[in-house]
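# Structural characterization, general
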Amino acid sequence: TLTILGSINADHVISVPHFAKPGETLTGHHYHIAYGGKGANQAVAAARLSDEHTQVNFIGCIGDDDLGRTMKNAFEQDGINTQFIHQIAHQTTGIAMIQVAASGENSIVISAGANGCLDENIVEQSRSQIEQADLLLMQLETPLPAVIKAAQIAKNNGVKVVLNPAPAQKLPDELLANLNMITPNETEAEILTGVKVTDLESAVKSAEIFHQKGIETVLITLGSKGVFVSHQGQQEIVAGFKVNAVDTTAAGDTFNGAFLIALLDGKPLQDAIRFAHVAAAISVTREGAQPSIPTRAETLDFLKS
Ligand code: ADP
């Protein structure tokens, strides 16, 4: 069993010729809603990439609105156990308003909504899903106190804790000490350790700082270059797969969900990384967050070819 705790967001995306100036009314095109949120993306990845033996639980918050209920239904369709998706009264579901300019740049405004309500109380109400899990996966798009508390509950019950520290923020040692694994990208690793990760040597330095805080396994994702892994004195870069990237949104989320499913399947670290690289590589060949995440069958087919 994998339990994921984190954010649920709907991205409202519109293409614009240029960003609207103050007072300007602009006509956009290609408006669509794409389901995202790091917690939800990772849960969807885990569910699509798991076989029938692994249960994926998701602890998160939606608002009291149709959007939230529709998203919750979609998670169920993907095979996620949604029993502990809490609907928060008088709140809206988390959203992002994204303008994509013709130049390719984007401009994003976020409303945390129900995600901001994922507090220690919600964690307490969801305790059974943490205690029963083999692994707990979290990110930093929901308030930190709940992440700290969930990690503590997991640790007390022998559940391994994995943190994808995104978006990066400074973290207290009491949280770091309860983590078994951390999966930052290069930017996040730099913010958390102060070491700019540019090559193997700097990655080793950054990982050492995480190890000193008590974290056994450090994975630094390197975009198209793959991932740096440091575990029990072994340190190496495992290259990713070359694909024609069109949209890297949710690449890291797909990687994290896939990687943990592969570990729960009993795969050794390197094989689990390869499986996650394939899933993430497929996701970057497609547009959007959750729509881009492949299934287990697609991923296994790619591995065979
Ligand atoms: P994040 O999305 O969190 O910034 P990264 O950009 O480091 O994470 O990417 C995470 C993983 O996604 C990589 O380790 C790799 O497996 C895959 N990936 C990302 N970008 C590409 C790419 N251009 N081509 C192939 N795989 C990619």
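Residues numbered from 1 in each chain as written. Predicted model: local features only at pLDDT ≥ 70, side-chain atom pairs only at ≥ 80, totals over all residues.

Naming follows an unreviewed UniProt entry, where the protein appears as Ribokinase of Lonepinella koalarum. In its Catalytic activity (unreviewed entry) section, the UniProt entry covering the protein states "D-ribose + ATP = D-ribose 5-phosphate + ADP + H(+)". Quoted straight from UniProt, the Pathway (unreviewed entry) entry for the protein says "Carbohydrate metabolism; D-ribose degradation; D-ribose 5-phosphate from beta-D-ribopyranose: step 2/2." (UniProt positions renumbered as here; feature names shortened; annotations may be inferred.)

## Examining the site of the ligand
As a matter of local geometry, the ligand sits amid 20 residues, with Thr221, Ser224, Ala251, Gly252 and Ala280 nearest to it. Counting only elements with at least two residues in the shell around the ligand, the list comes to α9 (251–264) and α10 (269–284). Per element, the largest residue contribution to the shell around the ligand is four residues, and it comes from α10. A class-by-class count of the residues in the shell around the ligand yields 11 nonpolar, nine polar and no charged. (Near = placed C-beta within 6 Å. Helix = DSSP H or I, 4+ residues; strand = E, 2+ residues; numbered from the N terminus. Nonpolar A, V, L, I, M, F, W, Y, C, P; charged D, E, K, R; others polar.)

## What about the nonpolar core?
Among the nonpolar cores identified, the biggest contains 84 residues, and Leu136 and Ala258 are the most heavily contacted of them. Per element, the largest residue contribution to this core is 10 residues, and it comes from α10. Other than its neighbours up to four places away in sequence, Ala258 contacts Ala45, Leu49, Phe275, Ala276, Ala279 and Ala280. (Core = buried A, V, L, I, M, F, W, Y, C linked by C-beta atoms within 7 Å. Buried ≥ 20, exposed ≤ 12 C-beta atoms within 10 Å, placed from the backbone. Contact = placed C-beta atoms within 7 Å.)

## Structural notes on the packing of helix α1 (residues 38–49) against α9
Two elements in contact, α1 and α9, have axes separated by 8 Å at closest approach and are oriented at 45°. For the element pair α1 / α9, the angle class is oblique. Helix-helix and strand crossings are classified by hand; for α1 and α9 the assignment is right-handed. Contact residues: Lys38, Asn41, Gln42, Ala43, Ala45, Ala46 and Leu49 in α1; Asp253, Thr254, Asn256, Gly257, Ala258, Leu260 and Ile261 in α9. (Axes fitted to C-alpha atoms, helices over the stretch in contact; angles between N-to-C directions. Parallel < 35°, antiparallel > 145°, perpendicular 65-115°, else oblique. Left-handed = near helix turned anticlockwise from the far one by under 90°.)

## Describing the sheet that holds strand β5 (residues 85–88)
Read from one edge to the other, the open sheet built from nine strands follows the order β5-β4-β1-β8-β9-β10-β11-β12-β13, with strand pairing classed as mixed. One side of each edge strand has no neighbouring strand; the edge strands of this open sheet are β5 and β13 (234–238). As judged from the five bridges shared by strand β12 (residues 227–231) and β13, these two strands associate in the antiparallel manner. Its bridge partner being in β13, Phe228 is matched across the sheet by Ile237. Contacts from α10 reach β12 and β13 within the one sheet, and its direction differs from that of β12 by about 160°. (Pairing = 2+ DSSP bridges.)

## Remarks on the UniProt feature "binding site: K(+)" (unreviewed entry) in the protein
According to UniProt, the feature "binding site: K(+)" (unreviewed entry) maps to Asp247, Thr249, Ser283, Arg286, Gly288 and Ser292 in the numbering used here. Separation in sequence by 46 residues is not matched in space for these annotated residues, since their most distant C-alpha atoms are only 9.1 Å apart. With respect to the element layout, Thr249 can be found in the loop between β13 and α9. Taking the number of C-beta atoms within 10 Å as the measure of exposure, Thr249 has 22 and is therefore buried. In contact with Thr249, not counting residues within four places along its chain, are Gly288, Ala289 and Ser292. Sequence-distant contacts of Ser283, defined by excluding residues within four places in its chain, comprise Ala250, Ala251, Thr254, Ser292, Ile293 and Pro294.

## Some words on the environment of Asp78
Its location among the elements puts Asp78 in the loop between α2 (66–77) and β5. On the basis of neighbour counts, which here come to 20 C-beta atoms within 10 Å, the residue Asp78 falls in the buried class. Sequence spacing of Asp78 and Ala43 is 35 residues, and the spatial spacing of their C-alpha atoms is 9.2 Å. Excluding anything up to four places from it in sequence, Asp78 contacts Val44, Ala47 and Arg48.

## A short note on α9
Relative to the 20 Å expected for 14 residues at 1.5 Å per residue, α9 spans 20 Å between its end C-alpha atoms, a close match to the ideal helical length. Buried residues dominate α9, accounting for 14 of its 14 residues. Looking one or two residues past α9, Gly266 carries a phi angle of roughly 95°, positive in sign. (Expected span 1.5 Å × (residues − 1).)

## Here we look at the environment of Asn156
Its place among the elements puts Asn156 in helix α5 (residues 144–156). Its 11 C-beta neighbours within 10 Å are what place Asn156 among the exposed residues. Between the C-alpha atom of Asn156 and that of Gly252, which follows or precedes it by 96 residues, the distance is 28 Å.

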